[in-house]
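Read off the chains here:
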Amino acid sequence: MKRHLITACLYTAITAIVLGVGYPLLITGIARLAFPAQASGELVWRNGVLVGSRLIGQPFSGDHYFHSRPSAAGSGYDASASSGSNLGPTSKPLVERIAQSVSSEKTEAPVPVDLVTASGSGLDPDISPAAALYQVHRVSSATGIPEETLRRLVAAHITPRQLGLLGEPRVNVLELNLDLGRLSENKPNISRSQTNP
Amino acid sequence: MTVNGWLQIAVFFALVLLTTKPLGKYMARVFEGRRTLLDPILVPVERLLYRMTGVQREDEMRWTEYGGAMLLFSLATMLLTYVIERAQHILPWNPQHLAGVTPALAWNTAVSFTTNTNWQSYVPEQTMSYLTQMLGLATHNFWSAATGIALAVAFIRGIARREMKTLGNFWVDLTRATLWVLLPISIVLALVLVSQGVIQNLRPYATAQILQPQTQTTTGPDGKPATATISTQTIAQGPAASQEAIKMLGTNGGGFFNANSAHPFENPTPFSNLLEMFAIFLIPAGLTATLGEMTGSPRHGWAVFAAMALLWFAGVFTCYWAESQPSPLVHGVEQRASLNQAGGNMEGKEVRFGIANSALFATVTTDASCGAVNSAHDSFTPLGGMVPMVNILLGEIVFGGVGAGLYGMLIFVIISVFIAGLMVGRTPEYLGKKIEAYDVQLAMLYLLIFPLIILCLSAISVLSPGFGLSALTNQGPHGLSEIFYAYTSATGNNGSAFAGLSANTRWYNITLGIAMFFGRFLMIVPMLAVAGNLVTKRRAPASVGTFPVTTPLFTALLTSVILIVGALTFVPALSLGPVLEHLMMHAGQVF
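Remember, it's a predicted structure, so these values are computed and weren't measured experimentally.

### A short note on the overall build of chain A
Next up, step 1: From N to C terminus, chain A includes seven helices and six strands.
Next up, step 2: For chain A, the sequential pattern of α-helices and β-strands runs α-α-β-β-α-β-β-α-α-α-β-β-α.
Next up, step 3: By the compact-globule yardstick of 16 Å for 197 residues, chain A is too spread out, its C-alpha radius of gyration being 23 Å.
Next up, step 4: Overall, chain A is about 80 × 45 × 35 Å in size when its C-alpha atoms are taken along their principal axes.
Next up, step 5: Taking as baseline every contact in chain A between residues at least 6 positions apart, the subset at least 24 positions apart corresponds to 57%.
Next up, step 6: Carbon and sulfur atoms provide 59% of the accessible area of chain A, an area that totals close to 8,300 Å².
Next up, step 7: The averaged location of the 15 negative side-chain charges in chain A is 8 Å from the averaged location of its 17 positive side-chain charges.

Right under this line is the structure:
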């Protein structure tokens, strides 16, 4: 058994270097050459300023923006503290939180479910097309951009199922709001007050 | 449930079905030392490694020596991880200057990764440096997976060899599992995952100026409301893809980030999601074909595969159905599926995955002992959340963890042929070998250790308001489910969680560590002893009285035995947890 103990220690040390340093550095090297944007998180820059990642959701509030889903990551969309709410189906705090989200919507129509539920990561960058279309009326009233224009904007931002089959259709909220901002800037008569509730 | 959802599930299963035979045959070649395509590159590396570590590749080991070498190796790797965690603040590749890990958490994590559990009591992006993740944790994803494969191969040899005493050489099996199977597939998978957007770098966390700064009102410690404006977002970075690939392939499941495979940087697209689920089943499914190949009975391999596939389908059907149901407790919400939304229970789920992929992932990750999650199991409907729980309670033998799933299943096979033997009144045989009292006693020991650990530790926690119940996020029957799931997951070496349980306390870190340790190593001992006993037996020719292990009848018997053993053991606990919660939810009760 003593021989096996020596082998165990040597084996651990040598394979640790190969698998724990060599392998990840090899992948890092190839990734940097072949997929530089993906390897660093598909970061979005605007006028030289880092404004976020295409893959990581951001919080939006008020009437002038399309809203993301509720988030349980840190104080909301904290991309250094990913988390779901972990509230169970019979949790009173969960049922009350959803009821409050529903009542804060100003239309009578039922709210699409993803818009009032928190994602597993707390960083979901997407909402469903239903949730985006649901918000068109509110954003239109606040910004003065015609509903028809906004509907076309949403339609242009729908990511279809991958390979026509995989996953669910979705709308990236950060990209949608960035383009919404460009639309508003082209209409100088619209006030772009960044009000918070 | 939608047509598209079922199509996606069918595509996943077709992939598994297509790769089982070629991969299984390849692994049989690797472990029988026959020639493979990769030999020209890998044989020199293998020889060098044996020379440096003093391995004599011709040395054959009895089951006791094989098990001893395995335990010593596990101990050495566990200590290394403990030391790295405790000392990470003075080691390189720690751009966020994270502090050393506390002793109880370091113990829990070291055990967790050594046992292929990957239970995580911590938030990785706020606790573990890049070096700890790469050198302390991702290495275990290789080591523990290769150990599992080695053990399964040793067990297969126990069945296949006749009148011998030895099961193979642990170091050789470990090396060949790593170099020929895990490493090449991981390299390819990691790069494909990067192409989809899984990050891979060593940079410090990025700080973004968010588009719309948010004003937040919080209640301070003095009870007065305080407002704060949040205008930046700190975006965690790191070498995630290299760890992600082996995390899935080795059925480890320990996330680079807290949200695991729900995190967009670990699992950015539906295609990456499909690959990650496929990687979980790839090797365990292949091993059923390896079993058939090495025992000379490919049809027996397929009969075992069929029992696994049946149980997988039952799980995914139940979970997908349950998660598609609208909650009776919320009002004014559109919960139906349509062309524009997935509908159903979206709490804890990502829009890009919807209901079908979340339910499938939850089923697959607990069928195997993976424990990665792409949605929050804690927020599943009561019956939907019961599926992952039951999958682990059945022993994770539905394809199962790499290696561990197959030897767990073979224990059930021994019980099944024993019961078949009792029914016809003959000495039971398994592939020509007589199954005797000693084998059945050890197989039953293997089956009894598991519920004993889970039920005892759950019972103590449930009865202890101070250290047991205080960690709960949810009350009522769901609280019981959280604790029960934690010990189930730890003992089963799964690692997924009803994550509302705040398990980073002394009580949970230490007891869950014990559960993981015994759930792996205490069960390996009787398993190896069975193999060590079987290998000495001679092979009797099949007669008309032999119960064939290659037929649908055998598959049906095996499936029934698994379900009956599981049901007899765990129905009381399940009734008080998820079943009671389901009934109360429909009665309109909240907690």
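What follows continues from the structure just given.
### A closer look at the pattern of salt bridges
Next up, step 1: This model, assessed by the stated rule, comprises 24 salt bridges over all chains.
Next up, step 2: Between Arg170(A) and Asp126(A) there is a salt bridge, with the nearest N and O atoms lying 3.5 Å from each other. Note that Arg170(A) is positioned in strand β6 (residues 170–172) and Asp126(A) in strand β4 (residues 126–127), a separation of 44 residues in sequence.
Next up, step 3: If you follow the salt bridges from partner to partner, you end up with Arg69(A), Asp124(A), Glu350(B) and Arg352(B) in one network.

### Considerations on the nonpolar core
Residues and elements named next belong to chain B.
Next up, step 1: The biggest cluster of nonpolar side chains holds 231 residues, and the ones touching the most others in it are Phe155, Phe170, Trp171, Ile283, Trp312 and Tyr430.
Next up, step 2: Sorting elements by how many residues they give to this core places helix α6 (residues 130–160) first, with 16 residues.
Next up, step 3: Sequence-distant contacts of Tyr430, defined by excluding residues within four places in its chain, comprise Ile159, Leu291, His300, Leu410, Val413, Val417, Ile435 and Val549.
Next up, step 4: Counting residues in each nonpolar core, the second largest holds seven residues, with Val101, Leu105, Ala106 and Phe113 among its members.

### Digging into the domain arrangement of chain B
Next up, step 1: Per the domain assignment, the segments of chain B are domain 1 (3–203 + 238–586) and domain 2 (206–235).
Next up, step 2: Domain 1 of chain B and domain 2 of chain B are separated by 40 Å when their C-alpha centres are compared.

### A closer look at the packing of aromatic side chains
Residue and element names in this part refer to chain B.
Next up, step 1: Within the structure shown, the criterion is met by 31 aromatic pairs over all chains.
Next up, step 2: Seen in terms of ring centroids, Phe305 and Phe399 are 5.2 Å apart; in terms of plane orientation they differ by 75°. Their pairing is edge-to-face. With a gap of 94 residues between them, Phe305 in helix α10 (residues 298–324) and Phe399 in the loop between α12 (382–393) and α13 (404–424) connect regions that are remote in the sequence.
Next up, step 3: The class for Phe305 is buried, based on a relative accessible area of 4%.

### Structural notes on the sheet that holds β6(A)
Next up, step 1: One open sheet holds the three strands; their spatial order is β4-β6-β5 (chain A), and the pairing between them is antiparallel. The outermost strands of the open sheet, each flanked by one partner alone, are β4 and β5 (158–159) of chain A.

### As for the interface of chain B and chain A
Next up, step 1: With 120 residues of chain B at the interface, the matching set in chain A holds 102 residues.
Next up, step 2: Where chain B abuts chain A, roughly 9,000 Å² becomes buried across the two surfaces, and 64% of that area is made up of carbon and sulfur atoms.
Next up, step 3: Across the chain B-chain A interface, the total number found is three salt bridges.
Next up, step 4: Arg97(A) is the salt-bridge partner of Glu347(B), the closest N and O atoms lying 2.7 Å from each other.

### Description of helix α17 (residues 552–586) of chain B
Next up, step 1: For α17(B), which comprises 35 residues, the first-to-last C-alpha distance of 39 Å sits more than 12% below the rise-based estimate of 51 Å (1.5 Å per residue).
Next up, step 2: At Phe570(B), α17(B) shows its largest bend, some 60°, and a proline, Pro572(B), comes one to four positions later.

### Re the side chain of Thr488(B)
Next up, step 1: Within the secondary structure, Thr488(B) sits in helix α15 (residues 477–491).
Next up, step 2: Look past the residues within four positions of Thr488(B) in its chain and what remains in contact with it is Met389(B), Ile392(B), Leu393(B) and Ile454(B).

### Some points on the side chain of Glu482(B)
Next up, step 1: Along the polypeptide, Glu482(B) turns up in helix α15.
Next up, step 2: Buried and unpaired, Glu482(B) has no salt bridge, with Arg97(A) as the nearest side chain of opposite charge at 13 Å.
Next up, step 3: Polar side-chain contacts of Glu482(B) include one of 2.7 Å to the side chain of Asn474(B).
Next up, step 4: Aside from chain neighbours lying at most four places away, what touches Glu482(B) is Asn86(A), Asp378(B), Leu472(B), Thr473(B), Asn474(B), Phe498(B), Gly500(B) and Leu501(B).

### Structural notes on unusual backbone geometry
Residue and element names in this part refer to chain B.
Next up, step 1: Its identity is not glycine, yet Asn116 carries a phi of approximately 65°, on the positive side.
Next up, step 2: Looking at the element boundaries, Asn116 is found in the loop between α4 (103–114) and α5 (124–127).
Next up, step 3: Phi angles above zero are rare outside glycine, and Asn493 is one such case at about 55°.
Next up, step 4: Here Asn493 lies in the loop between α15 and α16 (506–534).

### Overview of the domain arrangement of chain A
Next up, step 1: For chain A, the assigned domains are domain 1 (1–40) and domain 2 (42–195).
Next up, step 2: Placing the centre of domain 1 of chain A and that of domain 2 of chain A at their C-alpha centroids yields a distance of 40 Å.

### Things to note about a nonpolar patch on the surface
Next up, step 1: A cluster of nonpolar side chains, Met1(B), Phe313(B), Phe317(B) and Trp321(B), forms an exposed patch at the surface whose accessible area comes to about 380 Å².
Next up, step 2: As for its placement among the helices and strands, Met1(B) is situated in the segment before α1 (3–31).

### Some thoughts on the packing of helix α6 (residues 147–157) of chain A against helix α7 (residues 173–185) of chain A
Residues and elements named next belong to chain A.
Next up, step 1: In contact at an axis separation of 10 Å, α6 and α7 are set at 145° when each is read in the N-to-C sense. Relative to α7, α6 is oriented so that their crossing is right-handed. Together, Thr149, Leu150, Leu153, Val154 and His157 of α6 and Glu175, Leu176, Asp179, Leu180 and Leu183 of α7 make up the contact between the two elements.
Next up, step 2: When the residues that make up the contact of α6 with α7 are grouped by side-chain class, the tally is six nonpolar, two polar and two charged.

About the thresholds
Residues numbered from 1 in each chain as written. Chains lettered and ligands numbered in written order. Predicted model: local features only at pLDDT ≥ 70, side-chain atom pairs only at ≥ 80, totals over all residues. Heavy atoms only, no water. Helix = DSSP H or I, 4+ residues; strand = E, 2+ residues; numbered from the N terminus. Rg over C-alpha atoms; globule rule 2.2 N^0.38 Å. Contact = heavy atoms within 4.5 Å. Areas by Shrake-Rupley, 256 points an atom, 1.4 Å probe, with all protein chains shown as cover. Lys, Arg positive; Asp, Glu negative; His and termini not counted. Charge placed at Lys NZ, Arg CZ, Asp CG, Glu CD. Salt bridge = Lys/Arg side-chain N within 4 Å of Asp/Glu carboxyl O. Core = buried A, V, L, I, M, F, W, Y, C linked by side-chain atoms within 4.5 Å. Buried < 20%, exposed > 50% of the residue type's maximum accessible area, 1.4 Å probe, protein only. Domains from an automatic or database assignment. Phe/Tyr/Trp six-rings, centres within 6.5 Å; stacked < 30°, edge-to-face > 60°. Pairing = 2+ DSSP bridges. Buried area = accessible area lost by both parts, 1.4 Å probe. Expected span 1.5 Å × (residues − 1). Bend = angle between axes of the 7 residues up to and from the residue. Polar contact = N/O pair within 3.5 Å; in protein donor to acceptor, adjacent residues only side chain to side chain. Patch = residues over 30% accessible without salt bridge, like charges linked within 9 Å, V, L, I, M, F, W, Y side chains within 5 Å. Axes fitted to C-alpha atoms, helices over the stretch in contact; angles between N-to-C directions. Left-handed = near helix turned anticlockwise from the far one by under 90°. Nonpolar A, V, L, I, M, F, W, Y, C, P; charged D, E, K, R; others polar.

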